[in-house]
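Structural overview
Here's the letter readout for the chains.
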Amino acid sequence: MTGSEVPPSFRLAYVPGMTPTKWVRIWNERLAGVPLTLVAVTAAEAADALRHGDADAALLRLPVDRADLSAIPLYTETTVVVIPKDHVGAAVEELSVADLADEIVLHPLDDTLEWERPPGRPAFERPATTADAVELVAAGVGLLVVPQSLARLYHRKDLTYRPLTAPDEEPSAAGPESALSGPSVPGSRVALSWPEARTTDLVEEFIGIVRGRTVNSTRGPKKAPVAQEAAGRPTRGGGGAARGASAGGSKSGGTKSGGTKGGGPRSGARSGGAKGGARTGGGTGAGGGRSAKGAKGGRSTGGGKGSGRGTAKRGRPGRAS
């Protein structure tokens, strides 16, 4: 490597709440010679980090501008309500949007949830960040609705969280148009994103990892083909090919020879591509052997004693006529 060459590396940006540990471990196992560097960014900085070349790919929350960035949705997070442990909502397993109607619900400026209509009553001022909003919840100012990963990230001993559900819609006597409806609960969609113009081989490798491709998948590194065994394996499509032909002779292959009878040699060679092929044998007289085709259960002809001919099934010598 010359001084001007830069060794390959991969930079992965991630927003708060993301846990790329599993994928990083797989990367290090498969591409040990290519270091992966994690770059922590805020939700607002993630797209610009990709555009400016500060990261090769990023784990972020949708939406992203698809004009210049590609994205693969990975999963949708559960939406939860962060509440003090002594709040009445801590006594139930989940809360609905209707349960928050009289509560002050904080809506930070870096909120990642796309609300059609935020639940509860708005606070007098919006916190700058989610971390600031968590502090206000602990101070008893209000409640906070966030993706579950952020509730875990900013966990405090005096706080807890509960899943948030939408209210059931029950039609009234006036008809479906007057059904009781509240704001739906959006989920935070996590995605892997990268600049479309820089879809490199390393980006493709990481895409394969997050999608669960194995090393032996079509896009992953390919292993060298396993050599076929030389002996004991039939060749398909070769009706007349020898079965198990090896240098030293394998099972059902090679040459079988015997002693002499009446002064002439008795020998038989097994050949033929199918199991139970023909067996040819030289007689002791002037009538030379003539072999049949190598089909299963084939017939063979062999020279009998003297000049006569005989026939036999399954390779047995015929009786002289």
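On a predicted model such as this, the values are computed, not experimentally measured, just so you know.

1. Overview of the environment of Arg 156
Turning to its location among the elements, Arg 156 is positioned in the loop between helix H4 (148-153) and strand E10 (159-165). A sequence separation of 22 residues divides Arg 156 from Val 134, and the C-alpha atoms of the two residues are 8.8 Å apart. Excluding residues that lie within four positions of it along the chain, Arg 156 makes contacts with Val 134, Glu 135 and Ala 138. A polar atom in the side chain of Arg 156 sits 3.1 Å from the side chain of Glu 135. Within the structure, the side chain of Arg 156 is placed 2.9 Å from the side chain of Asp 158, a separation counted as a polar contact.

2. Things to note about the pattern of salt bridges
In total, this model carries eight salt bridges according to the counting rule given. For Arg 11, the salt bridge identified is with Asp 56, shortest N-O distance 3.6 Å. A residue pair is termed long-range when its members are at least 10 positions apart, and Arg 11 in strand E1 (residues 10-14) and Asp 56 in the loop between helix H2 (46-51) and strand E3 (57-61) qualify at 45 residues. Among the residues examined, Arg 11 registers a relative accessible area of 30% and is labelled partly exposed. Ionic pairing is found between Glu 135 and Arg 156, a salt bridge with its closest N-O pair at 3.1 Å. Linking Glu 135 in helix H3 (residues 130-138) with Arg 156 in the loop between H4 and E10, this pair joins segments that are 21 residues apart in sequence. Judged by its relative accessible area of 28%, Arg 156 is partly exposed. Each of Asp 48, Arg 51, Asp 65 and Asp 68 takes part in a single network of salt bridges with overlapping partners.

3. A look at the side chain of Ser 149
With respect to the helices, strands and loops of the structure, Ser 149 is situated in helix H4. For Ser 149, a relative accessible area of 13% puts it in the buried group. Excluding its chain neighbours within four sequence positions, the residues that come into contact with Ser 149 are Gly 17, Met 18, Arg 61 and Glu 77.

4. What to know about the pairing of E10
By the bridge criterion, five bridges tie strand E5 (residues 79-84) to E10 in an arrangement that is antiparallel. Residue pairing in the sheet places Val 81 in a bridge with Arg 162 of E10. When strand E6 (residues 95-96) meets E10, the two strands line up parallel, connected through two bridges. Looking across to E10, one finds that Ser 96 is bridged to Thr 165.

5. Regarding the packing of aromatic side chains
Considering all chains together, one arrives at three aromatic pairs under this definition. Each ring, one from Trp 27 and one from Phe 206, has its centre 6.1 Å from the other, and the planes form 55 degrees; the classification is tilted. Taken together, the positions of Trp 27 in helix H1 (residues 21-30) and Phe 206 in helix H5 (residues 201-210) put the pair 179 residues apart, joining distant regions of the chain. In this pair, the class of Trp 27 matches that of Phe 206, namely buried.

6. Examining the sheet that holds strand E2 (residues 36-40)
Consider a sheet: its strands pair through backbone hydrogen bonds, and that pairing is either parallel or antiparallel. Within the open sheet, the five strands sit side by side as E2-E1-E3-E11-E4. Their pairing is mixed. Bordering the open sheet on either side are E2 and strand E4 (69-77), each of which pairs with just one other strand. Going from strand to strand, the sheet's axes swing by 20 degrees on average, the running direction of each strand aside. Sheet topology places E1 next to E2; five bridges connect them, and they run parallel.

7. Considering H1
Among all positions of H1, only Trp 23, Val 24, Ile 26 and Trp 27 are buried. Buried residues of H1 fall within an arc of 160 degrees about the axis and therefore sit on the same side. The outward face of H1, more than 90 degrees from its buried face, is lined by the exposed residues Thr 21, Lys 22 and Glu 29. Those residues of H1 hidden inside the fold are in contact with E1, E2, E3, E4 and H5.

8. Concerning empty space enclosed by the protein
For the structure shown, the criterion picks out one cavity of 30 Å³ or more. Empty space within the largest cavity amounts to approximately 50 Å³. Together, Val 82, Val 134, Leu 150, Ala 151, Tyr 154, His 155, Arg 156, Leu 159, Thr 160 and Tyr 161 line the largest cavity. Elements supplying a minimum of two residues to the lining of the largest cavity: H4 and E10. Residues of the lining of the largest cavity, tallied by class, amount to seven nonpolar, two polar and one charged.

9. A closer look at H3
The set of residues buried in H3 consists of Thr 130, Ala 133, Val 134 and Val 137. Burial along H3 is one-sided: seen end-on, the buried residues are contained in an arc of 105 degrees. Elements in contact with the buried residues of H3: E5, strand E7 (104-106), strand E9 (143-147), H4 and E10. Positive phi appears at Gly 140, one or two residues downstream of H3, with a value of about 85 degrees.

The rules behind the values
Residues numbered from 1 in each chain as written. Predicted model: local features only at pLDDT ≥ 70, side-chain atom pairs only at ≥ 80, totals over all residues. Heavy atoms only, no water. Helix = DSSP H or I, 4+ residues; strand = E, 2+ residues; numbered from the N terminus. Contact = heavy atoms within 4.5 Å. Polar contact = N/O pair within 3.5 Å; in protein donor to acceptor, adjacent residues only side chain to side chain. Salt bridge = Lys/Arg side-chain N within 4 Å of Asp/Glu carboxyl O. Buried < 20%, exposed > 50% of the residue type's maximum accessible area, 1.4 Å probe, protein only. Pairing = 2+ DSSP bridges. Phe/Tyr/Trp six-rings, centres within 6.5 Å; stacked < 30°, edge-to-face > 60°. Axes fitted to C-alpha atoms, helices over the stretch in contact; angles between N-to-C directions. Arc of directions from axis to C-beta. 1 Å grid on protein atoms, 1.4 Å probe; cavity = no way out; pocket = protein on both sides within 12 Å on 5 of 7 lines; lining within 4 Å. Points joined across faces, edges and corners; volume = space filled by probe spheres on them. Nonpolar A, V, L, I, M, F, W, Y, C, P; charged D, E, K, R; others polar.

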